[in-house]
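Structural overview for review
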Amino acid sequence: MNYLSQRINELEESATIAMARLSRELQEQGHDIINLSLGEPDFVTPQDIREAAKKAIDDGFTFYPPIAGYADLRKAISEKFKRENNLDYAPDQIVVSTGAKQSIANVVMSLVNPGEEVIIPTPYWVSYSQIIKLAGGVPVFINTSIETDFKPTAEQIKNAITPKTKLLMFSSPCNPTGSMYSKEELQSIAEVIAPHPQIFILSDEIYEHIRFEGTHESIAQFDFIKERVIIVNGVSKGYAMTGWRIGYIGASKEIAKACDKMQGQFTSAASSIAQKAAVKAISTDWSEYEYMRDLFLKRRNLVLDLMSQIPGWKFNKPKGAFYVFPDVTYFFGKSDGETTIKTASDLCMYLLKEAKVSLVTGEAFGDDRCIRISYATSEEILTEALTRIKSALAKLQ
Ligand code: PMP
Ligand code: GLU
C-alpha cells in the first residue's frame with residue numbers, strides 16, 4: 001500500500017543530490033569514483049568565519065533567533081547590498097533562511113497559487129521546477145541553446161507570458177551553464193515584465209562572487225521593477241559555507257513579511273551559530289576570499305583546455321559558477337559494443353561505469369542534449385577525471 005501523499009509521490013528526487021549519493025555509495029563499496037556531480041566548493045570555510053562561530057557558541061548564542069534572522073546579520077546583509085550591488089534594502093526587507101534553497105521555497109510558496117505559471121528559461125537549476133510543482137504552480141519552460149549562450153531573448157520571455165503568469169525565475173551566473181546576463185539583457189527582460197503588474201521576478205544570485213569577467217549585474221537595479229524583484233543569495237558558494245545552511249532574500253517589505261510568516265511555521269530561524277558565522281563572512285570585504293574565485297578560474301581554464309582535446313562535444317565558455325555544460329548529442333547512437341548511448345542520462349551512466357566519473361545528466365536541468373561537469377575540485381583530480389572521460393568516450397563508435 002502506498003500511504004505517502006500524492007505530493008511526495010509526485011516529487012522528483014534532486015538529481016544532483018542523487019548522483020552525489022550514488023557516487024558516495026560506490027566509493028564506500030571500494031570503487032575509485034571521482035565525484036564531479038555535486039556543485040560544492042572543496043575549500044574548508046575560511047578560518048576567520050569558523051572562529052566567529054566558535055565565539056558565538058562561547059558567548060551563549062544558543063537560543064531561538066528571530067525568525068527573519070539576527071538584527072546584526074540583516075544589517076550586515078543590508079550593508080552588503082549597498083556596498084557590492086549599490087542596492088537599497090533595509091533590514092526589514094531581508095529574511096535569512098537555512099540556505100538559498102529554502103529562500104526559493106519560501107518565495108514560491110508565498111507568491112504562487114495553484115495553477116499559476118512560472119516562467120523558467122532552460123537549462124535551469126534542478127530544484128526550481130520541483131519547488132514550483134510543490135506549490136501547485138505550473139513551470140513554463142523557455143528553450144535556449146548553446147548558440148545563444150543558453151540565454152533567452154526578451155522576446156521569448158514576452159511570448160511566454162499569459163494572464164496566469166506569476167513569476168519569472170533564473171540564476172545569473174547560471175547553474176548549470178555558467179552564463180551571465182549583461183546589464184542590457186537584464187534591462188530588456190525587466191522592460192518586458194514591467195507592463196504586467198502581477199508578474200514577479202526571482203533573481204537567484206548565489207554565484208555572484210564566482211564570476212570570471214565583468215561586474216555582477218542584478219535585475220533589481222532597475223527602479224521601475226525593483227519592488228517586484230526578489231533577490232535570492234547566500235553564503236554557500238562565495239564563502240565555501242555549504243554546510244552552514246545560510247541563505248537570504250532581499251525583497252519588498254510585503255514579500256519579506258510573507259517569507260517570515262512561512263518560515264515561522266516551517267523552520268523557525270536558521271541556526272544561531274551559523275548566523276553569527278555569516279555575520280563575519282558577509283561583513284568582510286570579499287577581496288579577502290577572492291583567492292577561491294581565482295582558483296576556480298584556473299580550474300575552469302584547465303577543464304576547457306582538456307575538454308577541447310576530446311572530439312565530439314560542444315561547449316560554451318562559462319563566465320561564472322563552477323560548471324561546464326557540454327552538448328553531447330554527438331555521442332547519441334554510438335556504442336562501445338555493449339552499451340548504446342541514446343540519451344544524456346545514458347552517457348552519464350556510461351561514464352560512471354566506464355570512467356568512474358560521476359556527472360549529472362542535463363535532463364535534470366531541463367536540457368536533454370547536455371551533461372553537467374562540476375569543476376569545484378583540485379586540478380589534479382580534474383586532470384585525472386578528464387583523462388578517464390577521454391578514453392571512455394573514445395570507445396564509443
Ligand atoms: N540556487 C542555485 C542556482 C544553486 O546552485 C544552489 C546550490 N545548491 C542553490 C540555489 C541553493 O544553495 P544553498 O541552499 O546551499 O544556499
Ligand atoms: N547547487 C549544488 C548543485 O547544483 C548543490 C546540490 C543541490 O543543492 O542540489 O549541485
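Calculation notes
Residues numbered from 1 in each chain as written. Chains lettered and ligands numbered in written order. Predicted model: local features only at pLDDT ≥ 70, side-chain atom pairs only at ≥ 80, totals over all residues. Heavy atoms only, no water. Core = buried A, V, L, I, M, F, W, Y, C linked by side-chain atoms within 4.5 Å. Buried < 20%, exposed > 50% of the residue type's maximum accessible area, 1.4 Å probe, protein only. Helix = DSSP H or I, 4+ residues; strand = E, 2+ residues; numbered from the N terminus. Contact = heavy atoms within 4.5 Å. Pairing = 2+ DSSP bridges. Salt bridge = Lys/Arg side-chain N within 4 Å of Asp/Glu carboxyl O.

Let's talk about the nonpolar core
By size, the foremost hydrophobic cluster in this structure holds 129 residues, and its most contacted members are M169, W313, L347 and L351. The leading source of residues in this core is helix α11 (residues 290–308), at 7 residues. Dropping the residues within four chain positions of it, L347 is found in contact with V328, F331, I341, I371, L393 and L396.

A look at the sheet that holds strand β11 (residues 360–361)
With antiparallel pairing, 3 strands are arranged side by side in an open sheet as β9-β12-β11. Each having just a single partner strand, β9 (323–324) and β11 make up the two edges of the open sheet.

As for the pattern of salt bridges
With the rule as written, the count across this model stands at 22 salt bridges. Of the charged contacts in the structure, one is a salt bridge between K151 and E185, with a shortest N-O distance of 3.0 Å. Highlighted residues: K151 in the loop between β4 (138–142) and α7 (154–160) and E185 in helix α8 (residues 183–193), separated in sequence by 34 residues. Accessibility expressed as a relative area gives 29% for E185, which makes it partly exposed. In the salt-bridge network here, residues are joined through shared partners; they are D32, E384 and R388.

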